[in-house]
Amino acid sequence: QVHVVESGGGLVQAGGSLRLSCAASGRTFSNYAMGWFRQAPGKEREFVAAITYNGGGTYYADPVKGRFTISRDNAKNTVYLQMNSLKPEDTAVYYCAALARWATTPYDDWGQGTQVTVSS
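Read on for an overview of the structure. (Residues numbered from 1 in each chain as written. Predicted model: local features only at pLDDT ≥ 70, side-chain atom pairs only at ≥ 80, totals over all residues. Heavy atoms only, no water.)

### Side note on the state of the cysteines
Right, so step 1: For the coordinates displayed, the defined rule picks out 1 disulfide.
Right, so step 2: Disulfide pairing is shown between Cys-22 and Cys-96; the S-S distance is 1.8 Å. Disulfide Cys-22 to Cys-96: torsion about the S-S bond roughly 55°, handedness right-handed. Highlighted residues: Cys-22 in strand β3 (residues 18-26) and Cys-96 in strand β9 (residues 92-101), separated in sequence by 74 residues.
Right, so step 3: According to the relative accessible area criterion, Cys-96 is buried, its value standing at 0%. (Disulfide = S-S within 2.5 Å. Helix = DSSP H or I, 4+ residues; strand = E, 2+ residues; numbered from the N terminus. Buried < 20%, exposed > 50% of the residue type's maximum accessible area, 1.4 Å probe, protein only.)

Shown next as structure tokens:
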């Protein structure tokens, strides 16, 4: 399994930007597609974005298309989520995970997540 530590969350005003990072260890990071997920209060965890093992392909949930960009640096064992034009409905705890199946099925091995709060 790939073990992860998320960081980069915070409090931002609507329309602002944040960049999340996910540092991975364990099994060979570059062998795995990776995904970002989020869980808002009172809601189930949902898919946000995915990236192939080599960064050649990406896939986004409809609510974040055109605003969020997923990327990875295999030399640093890190995947990123650049979030622009943030909205209050983006408020959630954000998690990354290795994908068991492209593009929205993660392995059930989660980090602690990073809180993103968007104020209106």
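Having put the structure on the table, let's press on.
### Quick notes on the nonpolar core
Right, so step 1: Grouped together as the largest cluster of nonpolar side chains are 29 residues, with contacts concentrated most on Met-34, Trp-36, Val-79, Leu-81, Met-83 and Tyr-94.
Right, so step 2: If you look at the next biggest cluster of nonpolar residues, it comprises 8 residues, including Ala-33, Phe-47, Ala-61 and Ala-103. (Core = buried A, V, L, I, M, F, W, Y, C linked by side-chain atoms within 4.5 Å.)

### Observations regarding the sheet that holds strand β8 (residues 78-83)
Right, so step 1: Spatial ordering of the open sheet is given by β1-β3-β8-β7, a layout of 4 strands whose pairing is antiparallel. If you trace the sheet from one side to the other, it starts and ends with β1 (2-7) and β7 (68-73), each paired once. When strand polarity is set aside, the average angle formed by the axes of neighbouring strands in this sheet is 20°.
Right, so step 2: The pairing of β1 with β3 spans 6 bridges and is antiparallel. Opposite Val-2, over in β3, you have Gly-26 as the bridge partner. (Pairing = 2+ DSSP bridges. Axes fitted to C-alpha atoms, helices over the stretch in contact; angles between N-to-C directions.)

### Some words on the pattern of salt bridges
Right, so step 1: By the definition in use, this model includes 4 salt bridges.
Right, so step 2: Measuring nitrogen to oxygen at the nearest pair gives 2.7 Å for the salt bridge that ties Arg-38 to Glu-46.
Right, so step 3: Asp-90 is the salt-bridge partner of Arg-38, the closest N and O atoms lying 2.9 Å from each other. You can see Arg-38 sitting in strand β4 (residues 34-39) and its partner Asp-90 sitting in the loop between β8 and β9, a full 52 residues away along the chain.
Right, so step 4: Residue classification places Arg-38 among the buried residues on the basis of a relative accessible area of 6%.
Right, so step 5: Its relative accessible area of 1% is what places Asp-90 among the buried residues. (Salt bridge = Lys/Arg side-chain N within 4 Å of Asp/Glu carboxyl O.)

### Let's talk about the environment of Gln-1
Right, so step 1: With respect to the helices, strands and loops of the structure, Gln-1 is situated in the segment before β1.
Right, so step 2: Considered as a pair, Gln-1 and Asp-108 are 107 residues apart in the sequence and their alpha carbons are 9.5 Å apart.
Right, so step 3: The contacts of Gln-1, once residues within four sequence positions are left out, are Ser-25, Gly-26, Arg-27, Tyr-107 and Asp-109. (Contact = heavy atoms within 4.5 Å.)

### Structural notes on the pairing of β3
In the case of a regular strand, side chains alternate between the two sheet surfaces.
Right, so step 1: As judged from the 6 bridges shared by β3 and β8, these two strands associate in the antiparallel manner. Across the sheet, the residue bridging to Leu-18 is Met-83, located in β8.

### Considerations on unusual backbone geometry
Across residues other than glycine, the phi torsion is negative in most instances, and most of the peptide bonds are trans.
Right, so step 1: Here the amide bond leading from Trp-102 into Ala-103 is cis, since omega sits at 0°, within 30 degrees of zero.
Right, so step 2: Unusually for a residue other than glycine, Asn-77 sits at a positive phi of about 50°.
Right, so step 3: Mapped onto the fold, Asn-77 is located in the loop between β7 and β8.
Right, so step 4: Look at Ser-85: it is not a glycine, yet its phi comes out positive at around 50°.
Right, so step 5: Mapped onto the elements, Ser-85 comes out in the loop between β8 and β9.

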